[in-house]
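An overview of the molecular structure
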Amino acid sequence: MDSHGFRATTDWDSKMIFRGRPESVGACIFFLALACACLYAAVPSAADIDFFEKRIRPLLADRCYNCHATDADKIKGGLLLDSRAGLLKGGDTGPAIVPGNADESLLVQAVRWSDKDLQMPPKKKLSDAEIADLTAWVKLGAPWPANDSAPSAVRREFKITDKDRAHWAFQPITKPQVPQVKNTAQVATPIDAFIIAKLEAKGLALGPQADKRALVRRVTYDLTGLPPTPGEVESFVSDSSAQAWDHLIERLLKSQHYGEQWGRHWLDLVRFAETNSYEVDSAKPNAWRYRDYVIRAFNDDKPYDQFVREQLAGDEFAQPTADAIIATGYYRLGIWDNAPADRELAVYDMLDDIVATTGQVFLGLTVDCARCHDHKIDPISQRDYYSLLSFFHNVNHFKNGGPTDEVPLPRYSEVIDDAQTERVTKRKELEVEAGEIEEHFRLLTKREKTGPKQIPGMIRKEGKEILGAEVFGRYQKLRSDLKKLEKDVASAGSALAVTETGATAPDTFILERGLPANQGAQVAPAFLQVLAPPTPTITPPAAGTSTGRRTALANWIASPQNQLTARVMVNRIWQHHFGRGLVRSSSNFGTQGDAPTHPELLDWLASEFIASGWSVKAMHRLILASQTYRQSSHASDAATSADPRNDLLSHFDMRRLTAEEIRDSILAVSGALNDKMFGPGIYVDIPKEVLAGQSRPGSGWGKSSPEEQSRRSIYIHVKRSLITPILASFDAAETDHSTPVRFASTQPTQALGLMNSAFANQQAEQFAQRLRNEAGYDIQQQVTLALQLTTSRPPSNAEIERGMKLIASLCEHEKSSPELALKSFCLLAMNLNEFLYLD
């Protein structure tokens, strides 16, 4: 109990919250403060204001604003100290100051630490001089500059220190010397030397090499996302040449499936989806073109710096290709509210999505944390954030269709012309078939001279009765397909892409608390200052349709001198080969992200990446050639004890297959997989119970043919409010935000889906039919082939016998037919851990 009869809380998160008798003492203090405020309401002298600006405001900003300012992440105790009004109002139960009376001011009492239950700041007491300054200021009447009561006027000075710039990720990339190690026998590439050096320092060593069957399965999944065929496995196992491993890698890198696998990793990062989210979740026109562009880019080994430039500013190239325009669909992939409550705020939300994604994906930094205030952790200011935003400020706001979203593609594009030719051919075929039915209808109704437009209308009214239900139904289907195809053909020459409002960008201002109404200082385009960057060189394109700002940003990000770009990308490549990056927080290279386990190796890889011409496939070859990659997954006791997280890479980490790999592998082993590439997304069958969960059940979800449904998962239409169940169960990427790392959860719906879903059972039946086709009706041969297909190795005699016993038991005790028993065994094989996990 203090001298006022109040009991101060011991919860320091509450700071200035007091418990007591508010109806007595609290009320007296409030009216006393009010009276004193009126007494000292006279305009303060220039000397008083100078004292405040030099001694008090900096003190409050440095020691108090983290918890007691309008832009604080969490305002403690309801107390604001960044305005005079906030001080007079105080915390939850009373004012913080009584102007003119320091002894009665709770703020002064708190900083004096005279009461053990009331000590502010809680961790380190102010100096005697600082306490004296605060006391003197309150005695002066707490002078505050006129017209400076709004929090937006109170800004802490942002400084980048030498310590900030010394952070490892902000240092220039320099190629380190390859370390010397004792165990040179295991050094296949310089990568191994970096890994072994760390292991030897801990008294550890690389593990033994995995067997050839494990290796071929591992690398085939890593590069293509599919299981190797039995023939591919045996071919590698029987190849005893020194070049066998290199030949295998080259074959896989040339596979069309490589781009599908590594394109999927990129789509995770850029929050790829083909709809807009929110309640309506309408489709984004032609979004699939961006997906196809990414797959082609990886298959073609497009230099990563070009890949970056195309996505950020491909439309500003002197002669943009179709791919360069399609690439800018990157800007249109985010969520979009078709009916926002605040349209101006919605524009800035769109820009924030672009800033956030660009910062995290290309630079590995959470720049978006500085939207409302200076970054609380990293040396990134609000000025940095809005200077970066200004590069994008001239971009037309997404409207889901129309001239600012769908951009015509150059007619010389081979890829687009081929796709359009296929659609035109298909349309002609359907028109011929529909025309034959229409001609038959003319003859039956004796309307030979009736025009084509009138005939379809007549068929709609009379067709069922005259043509019969079957023919009429087929005609309706033909007309429906034609209508959709005509729409596709009409849009075959356009892509979802970015546009700007012209050659002049709007002014950009710092927005206090991130609110458009709170404009602060004006800013110009600039790069992140902690990286000591050059001044942007901005040259508007000759066409006059954009500012050229995005080109300046793209050139800086894709520059070999950028400290982050190459490091971030080689870390992502490493992540998808080893299950995690050398920096585990692969989209956060900031001061609170994970430090690299092997910083010298990271810089060596980044240097090699740039020297290779930014070739992603060159990085694959380098990493996969290492003995580190080819280790067994069996850890020694010593390694497990000394390095439980395997940061030092003394063995290979097992991993579960991703959601897409699981579905695609099921299709592959069943023999149903359709290798067709590219084009609009497909619609797989989804249970009606799942469709019922939509705000408009079934809306926006079509039905593809069985052949189309058997295509790879990357081609499934990505509807944000309706993710395919098997993909959702096995932790598919979130679509609203960038997903740098996939979870690998274990939950009941996974097992239930793989055992009971219509998809799993249909594929088990297809799998059983494949076994009968390829192994005949010999149960032993069927079981052997099934296990070989699912595990990529010859099964043991004991495993074969167990499988045969299961089939016999199902027939004898469950009265299953031989066909049903084999199907059940196939279902079991697709649920084996050895099928679902990569060793």
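Here the structure is a predicted model, which is why all the values come from computation and not from measurement. (Residues numbered from 1 in each chain as written. Predicted model: local features only at pLDDT ≥ 70, side-chain atom pairs only at ≥ 80, totals over all residues. Heavy atoms only, no water.)

Considering the overall build of the protein
Looking only at helices and strands, the protein has 35 helices and eight strands in total. Within the protein, the proportion of its 839 residues that are buried is 54%. Sequence separation of 24 or more characterises 69% of the internal contacts of the protein that already satisfy a separation of 6 or more. When the accessible surface of the protein is summed, it comes to about 37,500 Å², and 53% of that surface belongs to carbon and sulfur atoms. (Helix = DSSP H or I, 4+ residues; strand = E, 2+ residues; numbered from the N terminus. Buried < 20%, exposed > 50% of the residue type's maximum accessible area, 1.4 Å probe, protein only. Contact = heavy atoms within 4.5 Å. Areas by Shrake-Rupley, 256 points an atom, 1.4 Å probe, with all protein chains shown as cover.)

Looking at the pattern of salt bridges
Tallied over the entire structure, the rule returns 44 salt bridges. Of the charged contacts in the structure, one is a salt bridge between Asp305 and Arg309, with a shortest N-O distance of 3.5 Å. Here Asp305 and its partner Arg309 are both found in helix α14 (residues 304-313), four residues apart, which amounts to about one turn of the helix. You can call Asp305 buried: its relative accessible area is 17%. Among the salt bridges present, the one from Glu661 reaches Arg655, with a minimum N-O distance of 2.9 Å. (Salt bridge = Lys/Arg side-chain N within 4 Å of Asp/Glu carboxyl O.)

Examining helix α9 (residues 212-224)
Compared with an ideal rise of 1.5 Å per residue, which puts 13 residues at 18 Å, α9 spans 18 Å between its outermost C-alpha atoms and is within 8% of the ideal. Buried residues dominate α9, accounting for eleven of its 13 residues. Within α9, burial applies to Ala214, Leu215, Val216, Arg217, Arg218, Val219, Thr220, Tyr221, Asp222, Leu223 and Thr224. At the N-terminal end of α9, a side-chain oxygen is found 2.9 Å from the backbone nitrogen of Arg213, two or three residues along, and the residue is Asp211. Among the residues trailing α9, Gly225 stands out with phi positive, at a value near 75 degrees. (Expected span 1.5 Å × (residues − 1). Polar contact = N/O pair within 3.5 Å; in protein donor to acceptor, adjacent residues only side chain to side chain.)

Digging into the confidence of the model for the protein
The predicted coordinates of low-pLDDT regions are not to be read in fine detail. Averaged over every residue, the pLDDT of the protein is 87; the share at 70 or more is 90%. Note on residues 1-41: pLDDT is under 50 here. Beyond four places in sequence and across chains, it has 72 contacts. Long-range and interchain partners of residues 149-155, a stretch whose pLDDT sits below 50, account for 14 contacts in this model, where long-range means more than four residues apart. (pLDDT = per-residue confidence, 0-100.)

Comments concerning the environment of Ala210
With respect to the helices and strands, the residue Ala210 is situated in the loop between α8 (190-201) and α9. Contact partners of Ala210, with chain neighbours within four places excluded, come to Leu215, Arg218, Arg630, Gln631 and Ser632.

What about the environment of Ala110?
Structurally, Ala110 can be placed in helix α5 (residues 106-112). Relative accessible area serves as the criterion here: at 0%, Ala110 is assigned to the buried category. Spatially, the C-alpha atoms of Ala110 and Pro122 are 9.3 Å apart, while their sequence positions differ by twelve residues.

Quick word on the packing of α9 against helix α11 (residues 244-254)
One can describe the packing of α9 onto α11 by two numbers: an axis separation of 10 Å at closest approach and a directional angle of 25 degrees. Judged by the inter-axis angle, α9 sits roughly parallel to α11. Two packed elements cross with a definite hand, and for α9 against α11 that hand is right-handed. Contact residues: Leu215, Val216, Val219, Thr220, Leu223 and Thr224 in α9; Trp245, Leu248, Ile249, Leu252 and Leu253 in α11. Class assignment of the residues belonging to the contact of α9 with α11 gives a composition of nine nonpolar, two polar and no charged. (Axes fitted to C-alpha atoms, helices over the stretch in contact; angles between N-to-C directions. Parallel < 35°, antiparallel > 145°, perpendicular 65-115°, else oblique. Left-handed = near helix turned anticlockwise from the far one by under 90°. Nonpolar A, V, L, I, M, F, W, Y, C, P; charged D, E, K, R; others polar.)

Focus on the nonpolar core
Trp266, Tyr290 and Trp574 are the most contacted members of the largest nonpolar core, which totals 119 residues. Broken down by element, the residue count for this core peaks at eight residues, all from helix α16 (residues 343-363). Among all residues touching Trp574, those that are not within four sequence positions of it are Ile191, Ile195, Gly579, Arg580, Gly581, Leu582, Leu601, Leu605, Ile623 and Leu649. Of all hydrophobic cores here, the second largest spans 42 residues; its members include Ile666, Leu785, Ala786 and Cys826. (Core = buried A, V, L, I, M, F, W, Y, C linked by side-chain atoms within 4.5 Å.)

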